[in-house]
Amino acid sequence: MSIVVPMYNEEEVFPLLRAELERFMGEVLSEMEIILVNDGSSDKTIEKIVAWAEEDRRIKVIHLSRNFGHQLAATAGLDYATGDAVVLIDADLQDPLPAVHQMVERYQEGYDVVYGQREARQGESVFKRATAWAFYRLMRALVYKGLPPDSGDFRLVSRQCLDGLKSMRELHRFLRGMVAWVGYPQYALKYQRRARAAGTTKYPMRKMLALAWIAATSFSTVPLHCSMILGLLVGLLGIEEAIRALLASLLGWYTVPGWTSLMIVTSIIGSALLFSIGIVGQYVGKLYEQAKDRPIYLVSRTFNIATPTVTRTTSESPDIATHL
Ligand code: UDP
Ligand code: MG
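Residues numbered from 1 in each chain as written. Chains lettered and ligands numbered in written order. Predicted model: local features only at pLDDT ≥ 70, side-chain atom pairs only at ≥ 80, totals over all residues. Heavy atoms only, no water.

J.: I'd love a proper account of the overall build of the protein, names of residues and values included.
T.: When helices and strands are tallied, the protein shows 10 helices and 8 strands. Expressed as a percentage of its 324 residues, the buried residues of the protein come to 44%. Look at the contacts in the protein between residues 6 or more apart in sequence, and 80% of them connect residues 24 or more apart. Surface summary for the protein: the accessible area is close to 17300 Å², and the carbon and sulfur share equals 62%. (Helix = DSSP H or I, 4+ residues; strand = E, 2+ residues; numbered from the N terminus. Buried < 20%, exposed > 50% of the residue type's maximum accessible area, 1.4 Å probe, protein only. Contact = heavy atoms within 4.5 Å. Areas by Shrake-Rupley, 256 points an atom, 1.4 Å probe, with all protein chains shown as cover.)

The following block contains the structure:
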């Protein structure tokens, strides 16, 4: 079993995390590995986790070359995980480790994915709870109906599901949606989300909005359809205005020619065009970045990992020469 923990400036919570993980490892009978991904922290996180890795060979460390964000840091950890079952948790202990035992039970019953579904969220502002609530409802209604509500990235995935996930090398990642997309039997495990054990949130409003935007644009083409529907509606309005202008001139309704309606129509069409072009631009921008085929993250060094399982994390095939 592998546990993956992405960490960004988590030195304050580290002692608590270590104690919890050590207790957890004492409770399970299976072979364990813990993969700590340092996502370009600027504090003492890396020193602390490397010191732990030196004491305990089950602790593996991936040190990314800079801050790549939670979704890519988690991806790096999942890529290096070797367990039959892999669990992704946050470093701040908001995801309770005792719930992992229940996840393992479900896994043994044959579920490939057991995701945590928040029944309650403690220690989070009303604003965060309200926006999160609205986000999941909107995403399900408009973007991807397979997305489970109120579920973060706290989950257990089987080797089979993880292999499927690993084959998706897209740059703009919304992991929880991607896991839902991969499929296989999935189980929603209800749990109480606790407050952060120590430190402050590493997901400010800016990063949350960025994730929501990635989720909406990288997961479906619904926003593109929106611009088409908007274009259609504005087009209908234009036709209505044209008929009205024609009748007005034929039947002599107005003494002043329809300057106002002309202005309205031009401005509405203008804004609709700009809006649609803006949305299309978002997709073109993403295609461009994907076409560059950059590695989606770079590892600067690893600890206690013999041979990297992934050297270059793109969709390109491995070095052909080695197969000849
Ligand atoms: N995190 C990360 N890189 C980032 C931001 C966050 O690896 O750029 C990690 C962070 O260390 C934590 C997890 O992602 O383990 C979730 O972050 P946080 O608890 O701050 O988010 P919140 O629970 O407030 O939404
Ligand atoms: Mg948190």
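J.: Which residues make up the site of ligand 1, and what are the values?
T.: The immediate surroundings of ligand 1 are formed by 19 residues, with Glu 10, Asp 92, Gln 94, Thr 201 and Lys 202 found nearest. Residue Tyr 8 places a main-chain N or O atom 2.9 Å away from an oxygen atom belonging to ligand 1. Contacts to ligand 1 include Gln 94, whose side-chain N or O atom sits 2.6 Å from an oxygen atom. Among the cavities detected, the one that contains ligand 1 is the largest pocket. Split into classes, the residues belonging to the shell around ligand 1 amount to 5 nonpolar, 5 polar and 9 charged. (Near = heavy atom within 4 Å. Polar contact = N/O pair within 3.5 Å; in protein donor to acceptor, adjacent residues only side chain to side chain. 1 Å grid on protein atoms, 1.4 Å probe; cavity = no way out; pocket = protein on both sides within 12 Å on 5 of 7 lines; lining within 4 Å. Sits in = over half its atoms within 2 Å of the grid points. Nonpolar A, V, L, I, M, F, W, Y, C, P; charged D, E, K, R; others polar.)

J.: Account for the packing of aromatic side chains, with residues named and values stated.
T.: The description of an aromatic ring pair uses the distance of the two centres, along with the angle that the planes make with each other. Inspection of the entire model under this criterion finds 5 aromatic pairs. Judged by centre distance (6.2 Å) and plane angle (85°), the rings of Phe 135 and Phe 174 are edge-to-face. Remark: Phe 174 occurs in the loop between helix H6 (159-166) and helix H7 (175-182) and Phe 135 occurs in helix H5 (residues 126-143); sequence separation between them is 39 residues. Three or more aromatic residues joined by ring pairs make a cluster, and in this case those are Phe 135, Tyr 136 and Phe 174. (Phe/Tyr/Trp six-rings, centres within 6.5 Å; stacked < 30°, edge-to-face > 60°.)

J.: Quick rundown of helix H3 (residues 70-80)? Include the residues and the values.
T.: Across the 11 residues of H3, 11 count as buried, placing the element largely inside the fold. Among the residues of H3, those classed as buried are His 70, Gln 71, Leu 72, Ala 73, Ala 74, Thr 75, Ala 76, Gly 77, Leu 78, Asp 79 and Tyr 80.

J.: Lay out the coordination of the magnesium ion (ligand 2) with the relevant residues and their values.
T.: For the magnesium ion (ligand 2), the protein coordination sphere consists of Asp 92 (OD) and Gln 94 (OE1), at 1.9 to 2.0 Å. Looking at Asp 92, the relative accessible area reads 4%, which means it is buried. Residue Gln 94 is classed as buried on the basis of its relative accessible area of 8%. (Donors = N, O, S within 2.8 Å, 3.2 Å for Na, K, Ca; no water.)

J.: An account of the layout of surface pockets is requested, with residue identities and associated values reported.
T.: Within this model, the largest pocket holds a volume of roughly 890 Å³. Lining the largest pocket are 39 residues, and of these Lys 128, Arg 193, Thr 201, Tyr 203 and Met 208 lie nearest its centre. Residue assignment for the lining of the largest pocket shows that the elements contributing at least two residues are strand S1 (2-7), strand S5 (113-121), H5, strand S6 (151-158), strand S7 (186-193) and helix H8 (205-219). A per-element tally of the lining of the largest pocket places H8 first, with 6 residues. (Points joined across faces, edges and corners; volume = space filled by probe spheres on them.)

J.: Pulling in residues and values, what's your account of empty space enclosed by the protein?
T.: Counted under the stated rule, the structure contains 2 cavities of 30 Å³ or more. There is about 70 Å³ of room inside the largest cavity. Along the walls of the largest cavity sit Leu 78, Val 86, Leu 88, Asp 153, Arg 155, Val 157, Leu 165, Leu 175 and Val 179, which together make up its complete lining. Contributing elements (two or more residues each) for the lining of the largest cavity: strand S4 (85-88), S6 and H7. The residue makeup of the lining of the largest cavity, split by class, is 7 nonpolar, no polar and 2 charged. Looking at the second largest cavity, its volume works out to about 30 Å³. Taken together, Thr 75, Leu 78, Asp 79, Leu 162, Leu 165, Lys 166, Arg 169, Arg 173 and Leu 175 make up the full set of residues lining the second largest cavity. Of all the secondary-structure elements, those providing two or more residues to the lining of the second largest cavity are H3 and H6. Looking at side-chain class alone, the lining of the second largest cavity contains 4 nonpolar, 1 polar and 4 charged residues.

J.: Break down the environment of Leu 189 for me, with residues and values.
T.: Take Leu 189: it is sitting in strand S7. By relative accessible area, which is 7% here, Leu 189 ends up buried. Sequence separation between Leu 189 and Gln 117 is 72 residues; the distance between their C-alpha atoms is 5.7 Å. What Leu 189 contacts, discounting residues up to four positions off in sequence, is Ala 99, Gln 102, Met 103, Val 114, Tyr 115, Gly 116 and Gln 117.

J.: Describe in detail the packing of helix H1 (residues 14-27) against helix H2 (residues 45-55), supporting the description with residues and values.
T.: Interaxial distance between H1 and H2 falls to 11 Å at its minimum, and their mutual angle equals 25°. Considering their axes alone, H1 and H2 lie roughly parallel with respect to each other. H1 and H2 meet at a crossing whose hand is right-handed. Between H1 and H2, the residues in contact are Phe 14, Arg 18, Leu 21, Glu 22 and Met 25 and Lys 48, Ile 49, Trp 52 and Glu 55, respectively. (Axes fitted to C-alpha atoms, helices over the stretch in contact; angles between N-to-C directions. Parallel < 35°, antiparallel > 145°, perpendicular 65-115°, else oblique. Left-handed = near helix turned anticlockwise from the far one by under 90°.)

J.: Hey, could you go over the pattern of salt bridges for me, with residue numbers and the actual values?
T.: Overall, the coordinates contain 15 salt bridges when judged by the stated rule. The shortest N-O distance in the salt bridge between Arg 18 and Glu 22 comes to 3.2 Å. Here the residue Arg 18 and the residue Glu 22 both occupy positions in helix H1, the gap between them amounting to 4 residues, near one helical turn. A relative accessible area of 36% places Glu 22 in the partly exposed class. (Salt bridge = Lys/Arg side-chain N within 4 Å of Asp/Glu carboxyl O.)

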